[in-house]
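Coordinate analysis (summary)
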Amino acid sequence: MTLSFWRYSHLALALFSSIFILLASVTGTILAVDAIQEKTTPYRVENFDAITLGETLPVLRKTYPEITEITVDHNQFVTLEGIDQDDNDINAYIDPRTGKTLGTPIKKSEFIQWITALHRSLFLHETGRFIVGFISFILVLISISGFVLILKRQRGLRNFFSKVIKEYFAQYYHVVLGRLALIPILIIAVSGTYLTLEKFNFFIPKTDSKEITENASTKPISKKEANTSIFKNTLLTDVQKIEFPFSDDPEEYYVITLKDREIEVNQVTGAVESEKRFPMTTLLSELSLDLHTGRASMLWAFIIGIASLNILFFIYSGFAMTLKRRASRIKNKHKAEESKFILLVGSENGSSLRFANAIHKQLHAHGEKVFITEMNNYSVYPKAEHLIIFSSTHGLGDPPSNATKFISLINTIEQQQKINVSVVGFGSTAYPDFCGFAREIDTLLAKQKWAEPILELQTVNDKSAEEFVNWIKLWSAKTGIPLSTTPSLYNHVPKGLQKLMVLDKTAVSDAEHTFILTLRANMRAKFESGDLLAIYPANDTRERLYSIGNHSGNIQLVVKLHPSGLGSGFLNNLEVGSTIKARIIKNAAFHFPKKVSKVALISNGTGIAPFLGMIEQNKKKTEIHLYCGFRTETETVSGYKKFANEMMEKQQLQSFHLALSREMNHDYVMNLIKRDADFLIDLLTHGGVVMICGSLAMQKDVEFVLDEILNQTALNISDYKAKRQVLTDCY
């Protein structure tokens, strides 16, 4: 079954039952607290589990001249009903070893009785009991669907309790707490369902009930049992109730209700005269009641109380996740076949989609029929007059993940009418292939007979709302459709940022353009070497990402200062003690592997940052080999060499290989890879991992060299990537 089936089933069940589950959770938490409070009263005697009937009955009969019955409740409090030495009626908790009165049974408070009635039946009597039972069954289904969703998210049962990637608060704790509370919640739900079915006699066969009692409950007594005193071998903890004989007549028997049967016992010899075993349904009912209420164990009452609180959180977090997904998903009120305006979006992280959605809403407000979809969904649009493409570029001129099929689709699907076309490219001028994929699309569309370009390719640098508005002005002038030219409408202010303090920053100079920045995060921040730090230097949509290392619990990044560089210039201007706002992005795909014997780390330039942290945190002394390339041996590079030597002395680094491309004996990382070809082949074939961090150009060169040296083996670079033995994080 698909992920969407389980997700929508989980959501539909939660939506349908949320109010009832909310009530059940609140009341269940209160009742769990009451169950815990009950057990704190001092009516249970020490070593209760060791007291036998043979010890307690003679003492009680000597202390009380007349006893009607004694009962043992789920708290192991013993209640005696009878007459004391002064001929006074007594109904009290007693010490079964001495007969001493400990206290008077107190009825549940009116509030707890009210909560219990609400929890059991919603004050609707039998109808309410059925509704509550049905909701319990739905909670079973919600638990099962939630379990399947976690399995799919974690990719199998073996990874069920592995680390969860934190995307945002509601998502993270919905999964983490869901794993921990799954079993208790499932037990609560199953036991509640069973109790309802048992209440409505679902498990009683459709035959004469009198015949069932006679045939199924009565068991003949063996000669050995008849001659053995039950009092010596029966513990008080196994007893629920004892009805005393009315007189000393040997024909008058004790009637003792145990957990699994009811017996009549000769008061003189202690022999069992008759026995009626309870049916399995009764035993299951008692077990379900114990599990559902927590009445038999303070620890279990605490666990199900916490589970009930978790359910309240799941209601909040589940709806928060749903609303977040709905807010970011593509929404259409018209079909593609009937729409005049078609908006195609290629976006890796959702930024381009946000701009496209803003245009979609405005066109719809003008009364136009608009359809928006991903570029991979391109098809025939019979009534389209305008086609607008919003696309980012990934990597070195590559398409984003939801646009990888677009070029082949354009070449195979031809529109039947002339369509006005405009392409808007999103990217960053910091990369040599700025808007490379958008340029490729624009060129391709110009060759299509049906396409009528109405504007030249328009590009947007760093998600700039001002540059996007420039395209809007041109497009509106061509089409006569007025769209908003207010930049703030298209700006997206980042949320959830945390303050980071600058602890240290190395200096830059004419000879040294790279600096190392160390930041202190708040105590709640969790990160690993290989994660990303997102900063917003201009407090707008322009985001800069940096790979980070964990240096003594602090965030460390290596930055190259670029002329007029927005991010690097901002970071370089920071002073020790100042603070910035940023967010840490989990990048689990580039965390240091935990269960391998050898790892080769390959970097150039500032890509060494996460590797410094990985080596420093290598307390298990995994065999690590570091390959890195720089232009010249600057003061910073000398610092790396010193660090590497220290780590090799501590056996946290096995070897260090340095390539300097602009020194007298110039060398390149690729040459180091070729030199150590046999070692790297052996590393990969024996389950080792190669990690690459730095520029995309370096990544492509290294992968090309690795593919060449792997020709002599059965697998190529793509195979090792699929097996997660080659990990990359390049920019």
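Residues numbered from 1 in each chain as written. Predicted model: local features only at pLDDT ≥ 70, side-chain atom pairs only at ≥ 80, totals over all residues. Heavy atoms only, no water.

**Re the packing of helix H3 (residues 110–121) against helix H4 (residues 125–154)**
Look at H3 against H4: their axes get within 6 Å of each other, and the N-to-C directions meet at 65°. Classified by the angle between their axes, H3 and H4 sit roughly perpendicular to one another. Contacts from His 119, Arg 120 and Ser 121 of H3 reach H4 at His 125, Gly 128, Arg 129 and Val 132. Looking at side-chain class alone, the contact of H3 with H4 contains one nonpolar, four polar and two charged residues. (Axes fitted to C-alpha atoms, helices over the stretch in contact; angles between N-to-C directions. Helix = DSSP H or I, 4+ residues; strand = E, 2+ residues; numbered from the N terminus. Parallel < 35°, antiparallel > 145°, perpendicular 65-115°, else oblique. Contact = heavy atoms within 4.5 Å. Nonpolar A, V, L, I, M, F, W, Y, C, P; charged D, E, K, R; others polar.)

**Points about the packing of helix H5 (residues 169–199) against helix H9 (residues 280–293)**
Between H5 and H9, whose axes approach to 9 Å, the crossing angle comes to 135°. It follows that H5 is oblique to H9 by the angle criterion. The two elements H5 and H9 meet at a crossing, and its hand is left-handed. Of the residues in H9, those in contact with Ile 187, Ile 188, Ser 191, Gly 192, Tyr 194, Leu 195 and Glu 198 of H5 are Thr 281, Leu 284, Ser 285, Ser 288, Leu 289, Leu 291 and His 292. Considered class by class, the residues forming the contact of H5 with H9 number seven nonpolar, six polar and one charged. (Left-handed = near helix turned anticlockwise from the far one by under 90°.)

**What about the side chain of Gln 556?**
Within the secondary structure, Gln 556 is located in strand E20 (residues 554–560). With a relative accessible area of 12%, Gln 556 lands in the buried category. Setting aside residues up to four positions removed in sequence, Gln 556 forms contacts with Ile 516, Leu 517, Thr 518, Ser 547, Ile 548, Gly 549, His 551, Ala 609 and Leu 612. (Buried < 20%, exposed > 50% of the residue type's maximum accessible area, 1.4 Å probe, protein only.)

**Quick word on a nonpolar patch on the surface**
Together, Phe 16, Phe 130, Phe 134, Phe 137, Leu 141, Ile 144 and Phe 200 line one region of the surface with nonpolar side chains, adding up to about 670 Å² of accessible area. For Phe 137, the position within the fold is in helix H4. Residue class for Phe 137 comes out partly exposed when judged on its relative accessible area of 39%. (Patch = residues over 30% accessible without salt bridge, like charges linked within 9 Å, V, L, I, M, F, W, Y side chains within 5 Å. Areas by Shrake-Rupley, 256 points an atom, 1.4 Å probe, with all protein chains shown as cover. Salt bridge = Lys/Arg side-chain N within 4 Å of Asp/Glu carboxyl O.)

**Description of the layout of surface pockets**
Volume-wise, the second largest pocket comes out at about 960 Å³. Lining the second largest pocket are 38 residues; nearest its centre among them are Leu 31, His 119, Arg 120, His 292 and Thr 293. Of all the secondary-structure elements, those providing two or more residues to the lining of the second largest pocket are helix H1 (3–38), H3, H4, H5, H9 and helix H10 (298–328). Considering every element that reaches the lining of the second largest pocket, the biggest residue donor is H1, with twelve residues. (1 Å grid on protein atoms, 1.4 Å probe; cavity = no way out; pocket = protein on both sides within 12 Å on 5 of 7 lines; lining within 4 Å. Points joined across faces, edges and corners; volume = space filled by probe spheres on them.)

**Considering the pattern of salt bridges**
Applying the stated criterion to the full structure yields 23 salt bridges. For Lys 241, the salt bridge is made with Glu 243, and the minimal N-O distance between the two is 3.5 Å. For Lys 241, a relative accessible area of 26% gives the class partly exposed. Take Glu 243: its relative accessible area is 31%, and that puts it in the partly exposed class. A salt bridge links Lys 463 to Glu 543, with the nearest nitrogen and oxygen atoms 4.0 Å apart. Of this pair, Lys 463 sits in the loop between strand E14 (458–461) and helix H14 (465–479) while Glu 543 is found in the loop between strand E17 (532–535) and strand E18 (544–547), placing the two residues 80 residues apart along the sequence. Of the residues examined, Glu 543 reaches a relative accessible area of 17% and is grouped as buried. Each of Asp 260, Arg 261, Glu 275 and Arg 277 takes part in salt bridges that share partners, so that together they form one network.

**A word on the sheet that holds strand E15 (residues 498–505)**
The sheet built from seven strands is open, its strands ordered E18-E17-E21-E15-E16-E20-E19 with antiparallel pairing. If you trace the sheet from one side to the other, it starts and ends with E18 and strand E19 (549–551), each paired once. Here the average twist between neighbouring strands, direction ignored, is 45°. Here E15 runs beside strand E16 (residues 514–520); their pairing, made up of four bridges, is antiparallel. Across the sheet, the residue bridging to Met 501 is Arg 520, located in E16. Sheet strands touched by helix H16 (residues 609–616): E18, E19 and E20. Its angle to E19, the strand with the most contacts, is close to 45°. (Pairing = 2+ DSSP bridges.)

**A word on the environment of Asn 522**
The residue Asn 522 is located in the loop between E16 and E17 in this model. C-alpha of Asn 522 to C-alpha of Ser 162: the two residues are 360 residues apart in sequence and 24 Å apart in space. Ignoring any residue separated from it by four or fewer positions in sequence, one finds Asn 522 in contact with Gln 498 and Lys 499.

**Focus on the environment of Leu 660**
Its location among the elements puts Leu 660 in strand E24 (residues 655–660). What makes Leu 660 buried here is its relative accessible area of 12%. With residues up to four places along the chain from it excluded, the contact list for Leu 660 reads Phe 630, Arg 631, Thr 632, Glu 633, Val 637, Asn 665, His 666 and Asp 667.

**Description of the nonpolar core**
Counting 28 residues, the largest nonpolar core has Leu 601, Phe 611, Ile 615, Tyr 640 and Met 691 as the members making the most contacts within it. Of all the secondary structure elements, the ones that give two or more residues to this core are strand E22 (598–604), H16, strand E23 (623–630), helix H17 (635–649) and strand E25 (689–694). Ignoring any residue separated from it by four or fewer positions in sequence, one finds Phe 611 in contact with Phe 590, Leu 601, Ile 602, Ser 603, Leu 626, Met 691, Ile 692 and Cys 693. (Core = buried A, V, L, I, M, F, W, Y, C linked by side-chain atoms within 4.5 Å.)

**Points about the domain arrangement of the protein chain**
Per the domain assignment, the segments making up the protein chain are domain 1 (1–39 + 114–204 + 296–319), domain 2 (42–105 + 232–269), domain 3 (328–341 + 369–486), domain 4 (498–585) and domain 5 (598–730). On a C-alpha basis, the centroid separation for the pair domain 1 and domain 2 is 39 Å. (Domains from an automatic or database assignment.)

**Notes on the pairing of E24**
Taken together, the six bridges between E23 and E24 define a ladder with parallel strand orientation. Its bridge partner being in E24, Tyr 627 is matched across the sheet by His 657. For the crossover from E23 across H17 to E24, the handedness is right-handed. (Right-handed = clockwise from strand over helix to strand, strands pointing away.)

**Some words on the sheet that holds strand E8 (residues 272–277)**
In space, the eight strands of this open sheet follow the order E4-E3-E2-E1-E5-E6-E7-E8, with antiparallel pairing throughout. The sheet terminates laterally at strand E4 (101–103) and E8, the two strands that pair on one side only. Averaged over all pairs of adjacent strands, the angle between strand axes in this sheet comes to 25°, irrespective of strand direction. Inspection of the sheet shows strand E2 (residues 78–83) paired to strand E3 (residues 89–94) by five bridges, in the antiparallel sense. For Ile 83, the partnering residue across the bridge sits in E3 and is Asp 89.

**Details of the packing of aromatic side chains**
Inspection of every chain in the model, using the stated rule, returns 29 aromatic pairs. Taking 5.8 Å as the distance between ring centres and 55° as the angle between the ring planes, the aromatic pair formed by Phe 313 and Tyr 316 counts as tilted. Taken together, the residues Phe 313 and Tyr 316, both in helix H10 and three residues apart, mark about one turn of the helix. Exposure remark for Tyr 316: the relative accessible area of 46% places this residue in the partly exposed category. Site record: aromatic cluster; members linked through ring pairs are Phe 341, Phe 355, Phe 390, Phe 426, Phe 468, Trp 471, Trp 475 and Tyr 490. Above the ring of Phe 355, the side-chain terminus of Arg 354 is found at 4.9 Å from the ring centroid. Across the ring face of Phe 515, the terminal group of Lys 505 is positioned such that the distance to the ring centre comes to 5.5 Å. (Phe/Tyr/Trp six-rings, centres within 6.5 Å; stacked < 30°, edge-to-face > 60°. Lys NZ or Arg CZ within 6 Å of the ring centre and 35° of its normal.)

**What to know about a negative patch on the surface**
A contiguous patch of negative charge, built from Asp 249, Glu 251, Glu 264 and Glu 273, is present on the exposed surface. Overall, Glu 251 belongs to the exposed group, its relative accessible area being 58%. (Lys, Arg positive; Asp, Glu negative; His and termini not counted. Charge placed at Lys NZ, Arg CZ, Asp CG, Glu CD.)

**Things to note about the environment of Ala 582**
Tracing the backbone shows Ala 582 in strand E21 (residues 579–585). With a relative accessible area of 0%, Ala 582 lands in the buried category. Linking Ala 582 and Ser 145, residues 437 residues apart in sequence, is a C-alpha distance of 36 Å.

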